[in-house]
Each structure stands twice: as structure tokens, then as C-alpha cells.
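Inside the fold
Here's the letter readout for the chains.
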Amino acid sequence: MNEPELRAWFDERVATSAFRGVAIAWRDGAPIFEYAGGLAHRGLGVPVALDSRFAVASITKMATAVTALRLVDRGLLRLDQPLIEVLPPEQQPDALTAEHTLHHLLSHTSGLTNYHDDDDASGASWMSCWDRVATYHARRPADILPLFKDLPARAAPGAEYRYGDANFILVGLVIEAVTGRAYGDVVAEEVFGPAGLQDTAIEELDDDPRRLAVGYKVDDGPADRWKNNMYSVTASGMPDGGMITTAHDLARLIDAILGGRLLPAPLVAAMTSPQGPNRTDLEQYGYGCELAVVDGSVAIIGHGGGDPGISAMLTRHLAAGITLSVVCNQDRGSWAATKRLAEAFGLNEPRE
């Protein structure tokens, strides 16, 4: 790895506003490369530091899945348990049937319709949600339910894989129903604490989370005028996205999962293996875990995250034992940085 060349690449990306955030490579429980650049708060002129905290959008799904699987391990839930036996009637979507299970939610094979259109690259579908539910009222998983409760199903449970945030909103509601406690409190006790993630939490944004890098929405104007994302994301992190963390804590999360400190080996294997209908795609999904399958074997596990003002990527290259963790407080930048890190360390990243 040519470290001066790699740092120069990141410096150029920061100078052209193509990157602001933290990027690390991690092996054997410690960083082997670290970079921080750009501004964490434009108005106050605060630079991004290695310990800056970022919202990481859908990477949260990994923590949500581990929480649910720990409840499965203790016998409080079953992967094949009908959801109608768990969720209160008022929290059951109209399209929910006796065939829907936790397995379907965690693997995105429920067939339920999402609360926004994932194929809408413009973000208009996402933003239209907050015309119906004000972002400042979106503080618990149940607050998102009105956005999809009455929508018809897209497919029968188990018939197809289709990524959808609504699945993990329901996982959060299942966790609350089983434990009788708020999702954020449960995931902290079940995952953040045992994994040693001291800088990770589900927090309300108007509580002014410590060291939080403010998200900025990339547009066609100059970078010093990009709007922040205060009106574009929920007031609190949700089971489908929004936990606040650091690049280093994300690497620790992968270590804790694969090291067996959170789940027994059979559940680790289930989480990190393709679930749902048989597919031959390069990109597949386990339980709350994105997978790259090369020559029939899982080569990379992790998750990506993207919201207005947020871009993050967490990847573990299994053969090399190297984790790449990139967090950005702008809409884009994490994927290009991840690809560049993989190249620098001689890792095969087959995804486009």
C-alpha cells in the first residue's frame, strides 16, 4: 500500500468537495490506515476528526438484525414465527398475513410495499414522506407505520427479494413488542454495549448529539452553499436507518459479529449467508447484511447507507480479514472511497 499516494487521493477529493468524512482500513482489531478530511460543521468551521460521529443510514440494519437474532437465540422470538402472533393488531399492516415471519422481514422477502420508492434516485419519493409525517414527529418506529400501513403487498411472502426499509421498521416494532421497551434502548443493551461501541447510539437530533458531523445535501451549486439535512431525516434514528456512530465503531461491530461475541455460530452463519429465493447474483442479502458472492462463496459482508446528507459504506473482505469503513456527511463519496481503499490494499471489490 502506497500511503502517501492514497492520502493524496483523499486530499484531492476533499479539495474538490467529492469527499468529507472518515475512511479507515482495519485488521486484527485496529486501524491500519486512517483518514479524516473536510468540515463536520460548516457554519462553525469545525473540521472532521477521526472520532467525529456520523449518521450512517441503512448500516443500522445490521445492528437491528443482530438485536432480533439475539432475541431469537434466547427463545423470545422464532425466525419462522407468524408476525401476527407478535405485533399488536394496531401495528399490523393491512397486507400482513399469517404467512409473514421475521425471516421474511430480515431478508427483505416479505413482499410488503416500502414507504418510499428505492428506485427513485432523485430523492423526491423519500422527501414526500415528510409531507405526510413531519420529520420532527418521527421519533419511534410506530411513527413511520402510517406511511405504509394501508399499502397493498407487492408479492407473496418469500416469493422474491426486494429491498425495503418498511421491513426493518416492522422488525423494530417486533423488538419493542417482545421486550416491552423502546427500540433504541434495546439495541443499545443488546448490541452497542456488548460489542464495545462507546460512540454509537440511537439519538434524537434535537438533543444535539456530541461530535455529530452535520449532513450536507449535494446539489448543483457551490459546496459552501449546500443545504444541511435537518429537515430531510427523521428526528431520531430508526430500525431501518439513522444510528450515530464512528468509522471505528463500525469496524468493531463487524469484529463482534464475526468473533461470536453477539451471536452463536449458527446465527452468525445465517446472518451472513444468502437468504430467500435461490439466486446467482453477485450482490445478495442475508439477515440485515449485504453480501458479495464470488464463485459461489460469500467473499464480502457489510452494508451501505445513504440518506440526504449521508453516505456510508462498511465492508469486510473475509479472506483478507480486512474491514473498510467509510462515513461521509454528504450525499456521496463513500463508494468511491471504498473502491479506492480496496485497490490500495489489493482487495477484490467486484461490485460496480
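First things first, this report covers the structure right here in the doc. (Residues numbered from 1 in each chain as written. Predicted model: local features only at pLDDT ≥ 70, side-chain atom pairs only at ≥ 80, totals over all residues. Heavy atoms only, no water.)

1. Structural notes on the pattern of salt bridges
Applying the stated criterion to the full structure yields 21 salt bridges. Arg211 serves as the salt-bridge partner of Asp51, at 3.6 Å between the closest nitrogen and oxygen. In this pair, Asp51 sits in the loop between strand 4 (46–47) and strand 5 (54–55) while Arg211 sits in the loop between helix 6 (183–192) and strand 6 (244–245), placing the two residues 160 residues apart along the sequence. According to the relative accessible area criterion, Arg211 is partly exposed, its value standing at 34%. For the salt bridge of Glu190 with Arg70, the shortest nitrogen-to-oxygen distance reads 2.7 Å. In this pair, Glu190 is assigned in helix 6 and Arg70 in helix 2 (residues 60–73), connecting sequence segments 120 residues apart. Arg70 gets classed as buried once you look at its relative accessible area, which sits at 15%. If you follow the salt bridges from partner to partner, you end up with Asp51, Asp199, Arg210 and Arg211 in one network. (Salt bridge = Lys/Arg side-chain N within 4 Å of Asp/Glu carboxyl O. Helix = DSSP H or I, 4+ residues; strand = E, 2+ residues; numbered from the N terminus. Buried < 20%, exposed > 50% of the residue type's maximum accessible area, 1.4 Å probe, protein only.)

2. Re the side chain of Asp240
With respect to the secondary-structure elements, Asp240 resides in the loop between helix 6 and strand 6. Among buried charged residues, Asp240 stands out as having no salt bridge; its nearest opposite-charge side chain is Lys61, 5.0 Å away. Polar side-chain contacts of Asp240 include one of 2.6 Å to the side chain of Tyr115. Dropping the residues within four chain positions of it, Asp240 is found in contact with Ala57, Ser58, Thr60, Lys61, Tyr115, Asp165, Phe168 and Ile169. (Lys, Arg positive; Asp, Glu negative; His and termini not counted. Polar contact = N/O pair within 3.5 Å; in protein donor to acceptor, adjacent residues only side chain to side chain. Contact = heavy atoms within 4.5 Å.)

3. A few points about the pairing of strand 11 (residues 322–328)
The buried count for strand 11 comes to seven of seven residues, which makes it a mostly enclosed element. Here strand 11 shows no split at all, with Ile322, Leu324, Val326 and Cys328 on one side and Thr323, Ser325 and Val327 on the other all buried. As judged from the seven bridges shared by strand 1 (residues 21–27) and strand 11, these two strands associate in the antiparallel manner. Bridging across to strand 11, Val22 finds its partner in Val327. Pairing between strand 10 (residues 310–317) and strand 11: seven bridges, direction antiparallel. Looking across to strand 11, one finds that Leu314 is bridged to Ser325. Hairpin connection of strand 10 to strand 11: four residues between the antiparallel strands, including Gly321 at a positive phi of 70°. (Pairing = 2+ DSSP bridges.)

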